[in-house]
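The primary structure of each chain is shown beneath.
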Amino acid sequence: MYRWFRNTHLVAGLLAVPFLLMYGLSAVQMSHGGWFSLEPTVTETTVTVASAPIHDGRALARILMEQNRVRDEIRQVKATGSGIQLQIESTGTAYDVHYSTQTRQAVIRTSVAPFMGMLNRIHHLAGLHSASFVLDVWGGWVVAVSLCLFVLGLTGIYMWFRLYKERVIGAILLAVSLGYSLTLILLIRGA
Amino acid sequence: MTQRTNVWAYFNNLHSTTLHDRPYDWRIRWWAYYNEFAVWALLVMALTGVYLWLASRPRHVLAQAAVGLSVVSFLILYIQTR
C-alpha cells in the first residue's frame, strides 16, 4: 500500500512540476514586481489589408486573424476620422492596429511580454471555453494540475503518517500551519 | 452598504493577496506573509521533489513518462502561446 502511495505521489508530482514551477515563479514576480523588468518587445509592421476599403472593425480583425497577423481576443474597436483602431490581445501579446480606409493599410504595433511577463499571463489562464484551442489545452492542464495538487497533499500526508519517527515534528508543523491559516481565514472573513 | 463576497471569490482574493499590495490591515498582512512563505515552499518542494526522484528512482518508467509528457506539453504550449 505504501509503495502504491509513493508511486502515485511521484507520478502526480512529476506530471505537475513544470506548471508548479511556472505558478511559483510567476507568484514571486507578482509579489516582488520590482525584481523583474516587464518591458515588452515592441515591433511595428505595415500591411495592405484588402483591395476595397473596410469600414467594419470586426471584419478587419477577422481578415487580420485569417492572415495570422493578430490572434485571440478583440478588446476594443473604435472608428477614427481616417479609419479604424483595434486593440487585440492574446496571452502576453498586445496588438494595436491603426487602419486607414484611404490607403487600405494597417499599421500593427505588437508588444510581446518578456519571459516573466508571459509566465504572469499564463498564471491567469483557466477555463475550457477560451478564444483558442491552445488556451483550452492550458485550461485542461490547469484542471489536471489542480487534481495533482490534491493527490500530492493527500498522499504526502499519508506517507508522513507512516514514518513513525517523524510523526511528532510533523504533527507540530501541521498544527501550527493549520492553526495560523484557518485562524486568519476566519478573522479576515469576519472583519 | 457592506456586501459580502461568496466563499469562492473570497478564496480567490486570499490566494492573490501578496506583500506587493502592502496590506494595511494586520490580518491581511499576516496572510500575505503566509502566502509569501507558501510560494517559496512551493518552489522548494517542486525542486527537491525532482532531486529526490533523480537521486532515488530515476529509471522509474511511469515517472519518466510523466515528466516527459508534462515538460513537452508545457514547452509546446508556451511556444504556441508566444
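Our structure is the block above this text.
Residues numbered from 1 in each chain as written. Chains lettered and ligands numbered in written order. Predicted model: local features only at pLDDT ≥ 70, side-chain atom pairs only at ≥ 80, totals over all residues.

A.B. asks: Outline the overall build of chain A, listing residues and values.
C.D. replies: Of the regular secondary structure elements, chain A holds five helices and five strands. In chain A, the order of α-helices and β-strands from amino to carboxyl end is α-β-α-β-β-β-β-α-α-α. Taking 2.2 N^0.38 as the reference for a compact globule, 191 residues should give roughly 16 Å; the C-alpha atoms of chain A span a radius of gyration of 24 Å, well beyond that estimate. For chain A, the spread of C-alpha atoms along the three principal axes comes to 80 × 40 × 30 Å. Split into buried and exposed, the 191 residues of chain A put 25% on the buried side. Summarising the internal contacts of chain A: among those between residues at least 6 apart in sequence, 56% fall at separations of at least 24. (Helix = DSSP H or I, 4+ residues; strand = E, 2+ residues; numbered from the N terminus. Rg over C-alpha atoms; globule rule 2.2 N^0.38 Å. Buried ≥ 20, exposed ≤ 12 C-beta atoms within 10 Å, placed from the backbone. Contact = placed C-beta atoms within 7 Å.)

A.B. asks: If you had to explain the nonpolar core to someone new, which residues and values would you point to?
C.D. replies: Counting 30 residues, the largest nonpolar core has A:L14, A:L15 and A:A16 as the members making the most contacts within it. Those elements that place two or more of their residues in this core are α1 (2-31), α3 (115-123) and α4 (133-162) of chain A together with α2 (26-56) and α3 (61-81) of chain B. Residues contacting A:L15, with those up to four places away along its chain left out, are A:C148, B:A66, B:L69 and B:S70. Core analysis: the next-biggest nonpolar cluster, separate from the first, contains 12 residues, A:V49, A:A61, A:I88 and A:A106 among them. (Core = buried A, V, L, I, M, F, W, Y, C linked by C-beta atoms within 7 Å.)

A.B. asks: Any chance you could break down the sheet that holds strand β5 (residues 105-112) of chain A for me, citing the residues and the numbers?
C.D. replies: Within a sheet, neighbouring strands are paired by backbone hydrogen bonds and run either parallel or antiparallel to one another. Residues and elements named next belong to chain A. On the basis of which strands lie adjacent, the open sheet formed by five strands has the order β1-β5-β4-β3-β2 and antiparallel pairing. Looking along the sheet, the strands with just one partner apiece sit at the ends: β1 (41-48) and β2 (73-79). Along the sheet, successive strands turn relative to each other by an average axial angle of 15°, direction set aside. Each of β2, β3 (83-90), β4 (93-100) and β5 touches helix α2 (residues 57-66); the most contacted strand, β3, lies at about 50° to it. (Pairing = 2+ DSSP bridges. Axes fitted to C-alpha atoms, helices over the stretch in contact; angles between N-to-C directions.)

A.B. asks: So what's going on with the packing of α4(A) against α3(B)? Residues and values would help.
C.D. replies: Two elements in contact, α4(A) and α3(B), have axes separated by 10 Å at closest approach and are oriented at 145°. Crossing hand, α4(A) versus α3(B): left-handed. Side by side, α4(A) and α3(B) meet where A:V134, A:V137, A:W138 and A:W141 of the first sit next to B:S73, B:L77, B:Q80 and B:T81 of the second. (Left-handed = near helix turned anticlockwise from the far one by under 90°.)

A.B. asks: Before we move on, could you go through the packing of α1(A) against α3(B) and cite the residues and values that matter?
C.D. replies: Interaxial distance between α1(A) and α3(B) falls to 7 Å at its minimum, and their mutual angle equals 15°. One finds that α1(A) runs roughly parallel with respect to α3(B). Note that α1(A) runs across α3(B); the crossing there is right-handed. Contacts between α1(A) and α3(B) involve A:N7, A:L10, A:V11, A:L14, A:L15, A:A16, A:V17, A:P18 and A:F19 from the first element and B:L62, B:A63, B:A66, B:V67, B:L69, B:S70, B:V71 and B:F74 from the second. (Parallel < 35°, antiparallel > 145°, perpendicular 65-115°, else oblique.)

A.B. asks: If you had to explain the interface of chain A and chain B to someone new, which residues and values would you point to?
C.D. replies: Each side of the interface is counted separately: chain A has 36 residues, and chain B has 33 residues. A per-element tally of the side of chain A that touches chain B places α1(A) first, with 18 residues. For the side of chain A that touches chain B, the class distribution of residues is 26 nonpolar, nine polar and one charged. (Nonpolar A, V, L, I, M, F, W, Y, C, P; charged D, E, K, R; others polar.)

A.B. asks: Just give me the short version of helix α5 (residues 167-190) of chain A, but keep the residues and values in it.
C.D. replies: Since the α-helix advances by 3.6 residues per turn, residues separated by three or four positions end up pointing in the same direction. For α5(A), spanning 24 residues, the distance from its first C-alpha to its last is 33 Å, which sits close to the expected 34 Å at 1.5 Å a residue. Counting buried positions along α5(A) yields zero of 24 residues, so the element is predominantly exposed. (Expected span 1.5 Å × (residues − 1).)

A.B. asks: Explain the pairing of β4(A) to me, and be specific about the residues and the numbers.
C.D. replies: All names here are of chain A. Alternating residues of β4 divide into T93, Y95, V97 and Y99, all buried, and A94, D96, H98 and S100, none buried. Hairpin connection of β3 to β4: two residues between the antiparallel strands, including G92 at a positive phi of 80°. Summarising the sheet, β4 and β5 pair through eight bridges and their orientation is antiparallel. Bridged to V97 within β5 is I108.

A.B. asks: Tell me about unusual backbone geometry, residues and numbers included.
C.D. replies: Glycine aside, residues mostly have negative phi, and peptide bonds are mostly found in the trans state. With phi around 60°, A:N68 is a residue other than glycine that occupies positive phi space. Summarising the element assignment, A:N68 is placed in the loop between α2 and β2.

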